[in-house]
Amino acid sequence: MHSAGAPKSLFNETLGLIQAGRLADAEARCRGAVARYPRDVNMQALLGALLVKMDRDEEAEATLRAVMDEAPSFAKPAEDLGYLLLRAKRAGDALPFLERATQLDPGLERAWFSLGKALALLGRGKDADAAFEKSFELSPERRLMALAAEHQKEGRIEEAERIYRRVLRKNPGNVDALRLLALLASRADRPDDAETLLQRAIEVAPDFLLAHLDLGRLLKEQDRYEEALDCFDRVITLEPAQPQAHFLRAATLARASFTQESIDAYRSCLAVRPGHVGALLGLGHVLKAMGDYDGAVASYQACMREAPDYGETYWSLANLKTYRFGDATVSEM
């Protein structure tokens with residue numbers, strides 16, 4: 001759907017910035033266009049989709065709802081809004097938008113797939129299967145990826161790898177297949193293969209956060225700390241509130257013996273997600289290394305409150321030697 005307003009070249013340029021991973025530039029371009037052409041629902045919808053991509057859920061929802069109010073027959077923002085609500089575990093709220101998107105444009109494959117997920121979460125198994133089948137009809141590649149994921153989940157690794165490679169023969173730019181194949185290579189102790197696949201995924205999709213995180217983990221395990229930190233910094237640049245990037249950055253700094261820097265990084269993670277168990281435990285470790293036993297105890301105790309059945313926390317407290325467990329804690333253990 002197109003309305004009079006911004007030149008199509010401006011829309012395409014903005015889309016190109018998104019595809020290149022330049023999300024901040026894309027947002028500035030989008031907002032400038034919306035301010036100049038306030039009735040252009042295409043630019044408004046693109047801004048909403050971009051905000052979904054940037055995990056700015058409240059802004060994205062408000063933007064997309066406004067587009068739907070102005071252009072109720074526009075299928076794509078209905079799909080994006082449904083996807084956003086589903087991702088936020090609001091399947092009931094997502095359902096009418098996904099149903100509307102598939103009715104308005106039956107060729108929206110992702111809308112059918114998201115609709116299947118929403119229906120499954122709402123306990124409507126038969127309807128979910130029908131939606132998934134429609135998605136698979138529109139995208140045989142999606143069917144193959146789902147089949148490979150099932151093989152992988154059940155431990156049939158050779159079958160999963162064979163299907164991922166089949167997908168990549170037909171579509172070398174399928175970044176999900178590249179990443180999942182890299183995970184299999186990493187688990188099979190083929191780090192060079194895994195790195196090549198992840199680098200290829202990032203070349204295709206520079207803002208593919210999961211690929212950056214996986215590559216950073218891989219490099220960290222090879223003690224290539226500076227390169228690993230570059231990966232995590234890239235994720236934080238793209239998505240400042242990404243807790244796992246902050247956590248992995250902190251763990252890498254700790255492993256590289258940048259103790260004070262790792263303390264700061266763990267605290268950055270906890271500022272984003274206060275109950276992050278790994279960050280609480282890791283912070284306790286580095287505070288202990290710095291001789292701050294009170295700080296270490298406080299961090300370990302916070303970790304215990306978040307995950308009372310996590311045995312490493314109790315071991316870490318016991319390993320302080322000077323710490324004594326109370327009777328209630330002993331009973332819990």
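Preceding this section is the structure that the text describes.
Here is what the cut-offs are and how they apply
- Within any chain, residue numbers begin from 1 and follow the written order of that chain's sequence.
- Under the rules for a predicted model, residues below a pLDDT of 70 receive no local features and side-chain atom pairs below 80 are neither given nor counted, while totals for whole chains, interfaces and linings still include all residues.
- Side-chain numbers come from the whole structure's heavy atoms, not from hydrogens or water.
- The helix count covers DSSP runs of H or I at least four residues long, the strand count covers runs of E at least two residues long, and both are numbered beginning at the N terminus.
- Between the first and last residue of a helix there are one fewer steps than residues, each counted as 1.5 Å, and that sum is the expected span.
- Burial here depends on accessible area, computed with a 1.4 Å probe over protein chains only, as a share of the maximum for the residue type. Under 20% is buried, over 50% is exposed, and the range in between is partly exposed.
- Each direction from the helix axis to a C-beta atom contributes to the arc, which is the arc of those directions.
- The contact definition used throughout considers only heavy atoms, calling two residues in contact when any of these lie within 4.5 Å.
- Side-chain rings of Phe, Tyr and Trp, where Trp is taken by its six-membered ring, are said to pair if the distance between their centres is within 6.5 Å; with planes under 30 degrees apart they count as stacked, over 60 as edge-to-face, and otherwise as tilted.
- Criterion for a salt bridge: a side-chain nitrogen of Lys or Arg within 4 Å of a carboxyl oxygen of Asp or Glu.
- Here a patch means residues that are over 30% exposed by relative accessible area and free of salt bridges, tied together within 9 Å if like-charged and within 5 Å if nonpolar (Val, Leu, Ile, Met, Phe, Trp, Tyr).
- Only the protein chains shown count as cover for residues, and the accessible areas themselves come from Shrake-Rupley with a 1.4 Å probe.
- Only four residue types enter the tally: Lys and Arg on the positive side, Asp and Glu on the negative side; His and the chain ends are excluded.
- The atom standing in for a charge is NZ when the residue is Lys, CZ when it is Arg, CG when it is Asp and CD when it is Glu.
- Orientation is described by axes fitted as lines to C-alpha atoms, over the contacting stretch for helices, and by angles from 0 to 180 degrees between their N-to-C directions.
- Just so you know how the angles are binned, under 35 degrees is roughly parallel, over 145 roughly antiparallel, 65 to 115 roughly perpendicular, and the rest oblique.
- In this scheme the handedness of a crossing depends on how the near helix is turned from the far one: anticlockwise by less than a right angle means left-handed, clockwise means right-handed.
- Following the grouping adopted for this structure description, the nonpolar residues are Ala, Val, Leu, Ile, Met, Phe, Trp, Tyr, Cys and Pro, the charged ones are Asp, Glu, Lys and Arg, and the polar ones are all others, Gly among them.

Draft legend 1. Just helix α10 (residues 157-170), in detail. With 14 residues, α10 extends 20 Å between its outermost C-alpha atoms, agreeing within 8% with the 20 Å of an ideal straight helix rising 1.5 Å per residue. Every buried residue of α10 is listed here: Ala 160, Glu 161, Ile 163, Tyr 164, Val 167 and Leu 168. One side of α10 holds all its buried residues, which, seen down the axis, span an arc of 165°. Those residues of α10 that are exposed and aimed more than 90 degrees away from the buried face are Glu 158, Arg 169 and Lys 170. Where α10 is buried, its residues touch α9 (140-153) and α11 (175-187).

Draft legend 2. Here's a closer look at the packing of aromatic side chains. The tally for this structure, following the rule as stated, stands at three aromatic pairs. Taking the centre distance of 6.2 Å and the plane angle of 45° together, the rings of Phe 247 and Tyr 266 count as tilted. Taken together, the residues span a long stretch of sequence, with Phe 247 in helix α15 (residues 243-255) and Tyr 266 in helix α16 (residues 259-272) at a distance of 19 residues. This pair shows no difference in class: Phe 247 is buried, exactly as Tyr 266 is.

Draft legend 3. Examining unusual backbone geometry more closely. Notably, Asp 223 is not glycine yet its phi reads approximately 60°, a positive angle. One non-glycine residue, Ser 257, lies in positive phi territory at about 70°. Among the secondary structure elements, Ser 257 is positioned in the loop between α15 and α16. Assessed through its relative accessible area of 59%, Ser 257 is described here as exposed.

Draft legend 4. Structural view of the pattern of salt bridges. Taken as a whole and assessed by the stated rule, the structure comprises 31 salt bridges. The shortest N-O distance in the salt bridge between Arg 90 and Asp 93 comes to 3.1 Å. Accessibility expressed as a relative area gives 30% for Arg 90, which makes it partly exposed. Owing to a relative accessible area of 39%, Asp 93 belongs among the partly exposed residues under this scheme. The salt bridge partner of Glu 221 is Lys 220, with a shortest N-O separation of 3.4 Å.

Draft legend 5. Local environment of a positive patch on the surface. Together, Arg 162, Arg 166, Arg 169 and Lys 170 make up a region of like positive charge exposed at the surface. Residue classification places Lys 170 among the exposed positions, given a relative accessible area of 67%.

Draft legend 6. Highlighting the packing of helix α14 (residues 225-238) against α15. Closest axis-to-axis distance for the α14/α15 pair is 9 Å, and the angle between their directions is 160°. With respect to α15, the element α14 is oriented roughly antiparallel. The way α14 lies across α15 gives a crossing that is left-handed. Contact with α14, carried on its side by Tyr 225, Ala 228, Leu 229, Phe 232, Asp 233, Val 235 and Ile 236, involves Ala 245, His 246, Leu 248, Arg 249, Thr 252, Leu 253 and Arg 255 of α15 and no other residues of that element. Residue composition of the contact of α14 with α15, by class: nine nonpolar, two polar and three charged.

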